[in-house]
Amino acid sequence: QVQLVESGGGLVQAGGSLRLSCAASGRTFSSYAMGWFRQAPGKEREFVAAISWSGGSTYYADSVKGRFTISRDNAKNTVYLQMNSLKPEDTAVYYCAASSRYGPTSEYDYWGQGTQVTVSS
């Protein structure tokens, strides 16, 4: 069982930056691949970024590539999402999730409660 708690969301102007954090409980954090997802009002949840167990491999949605960076600190049981050059269309609730597999078709077993990111124009 893994419990995930996101933090770091807020209101930021377009062009600004935010760093989201996701703290995980349990001693098996390093055995999970981690992902970030987001859901904007009236839209389906979409994939943002994922990172492998060791942090040595990452991949991103095309919409955030070059602007967002996912990273993890297994000693702190935490995964991060650094978001730069934010755009109004990045406004959404952001969720972190844990998966026992790493890859584009992975299913995620555990989810956090989400943190709101609002980008003003």
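Parameters at a glance
Residues numbered from 1 in each chain as written. Predicted model: local features only at pLDDT ≥ 70, side-chain atom pairs only at ≥ 80, totals over all residues. Heavy atoms only, no water. Helix = DSSP H or I, 4+ residues; strand = E, 2+ residues; numbered from the N terminus. Rg over C-alpha atoms; globule rule 2.2 N^0.38 Å. Buried < 20%, exposed > 50% of the residue type's maximum accessible area, 1.4 Å probe, protein only. Pairing = 2+ DSSP bridges. Axes fitted to C-alpha atoms, helices over the stretch in contact; angles between N-to-C directions. Disulfide = S-S within 2.5 Å. Phe/Tyr/Trp six-rings, centres within 6.5 Å; stacked < 30°, edge-to-face > 60°.

A. A look at the overall build of the protein chain. Secondary structure assignment for the protein chain yields zero helices and eleven strands. Listing every helix and strand of the protein chain by position from the N terminus yields β-β-β-β-β-β-β-β-β-β-β. Taking 14 Å as the expected radius of gyration for a compact globule of 121 residues, we find that the protein chain reaches 13 Å, a close match to that expectation. Counting all 121 residues of the protein chain, 46% fall into the buried class.

B. Local environment of the sheet that holds strand β7 (residues 68–73). The strand order β1-β3-β8-β7 describes an open sheet built from four strands, whose pairing is antiparallel. Every other strand in the sheet has two partners, leaving β1 (4–7) and β7 as the edge strands with one partner each. Within this sheet the neighbouring strands show an average axis-to-axis angle of 15°, counted without direction. By the bridge criterion, four bridges tie β1 to strand β3 (residues 18–24) in an arrangement that is antiparallel.

C. Examining unusual backbone geometry more closely. With a phi angle near 50°, Asn77 is a residue other than glycine that sits in the positive phi range. Relative to the elements of secondary structure, Asn77 occurs in the loop between β7 and β8 (78–83). When its relative accessible area of 17% is taken as the criterion, Asn77 is described as buried.

D. Local environment of the state of the cysteines. According to the stated counting rule, one finds one disulfide in the structure shown. Across the disulfide from Cys22 sits Cys96; the S-S distance is 1.9 Å. Taking the sign of the torsion about the S-S bond as the criterion, the disulfide between Cys22 and Cys96, at about 45°, is right-handed. One end of the pair, Cys22, is in strand β3; the other, Cys96, is in strand β9 (residues 92–99), and 74 residues separate them in sequence.

E. Expanded view of the pairing of strand β4 (residues 33–39). β4 sits mainly inside the fold: six of its seven residues count as buried. Two strands pair when backbone bridges link them, and β4 and β9 are joined in this way by seven bridges, in the antiparallel orientation. Counterpart to Ala33 in the pairing with β9 is Ser99. Sheet analysis places β4 next to strand β5 (residues 46–51), joined by five bridges and oriented antiparallel.

F. Expanded view of the packing of aromatic side chains. Per the counting criterion, the structure on display carries eight aromatic pairs. Where Phe37 meets Phe47, the ring centres are 5.7 Å apart and the plane angle is 75°; that geometry is what we call edge-to-face. Highlighted residues: Phe37 in strand β4 and Phe47 in strand β5, separated in sequence by ten residues. The exposure class assigned to Phe37 is buried, which follows from its relative accessible area of 10%.

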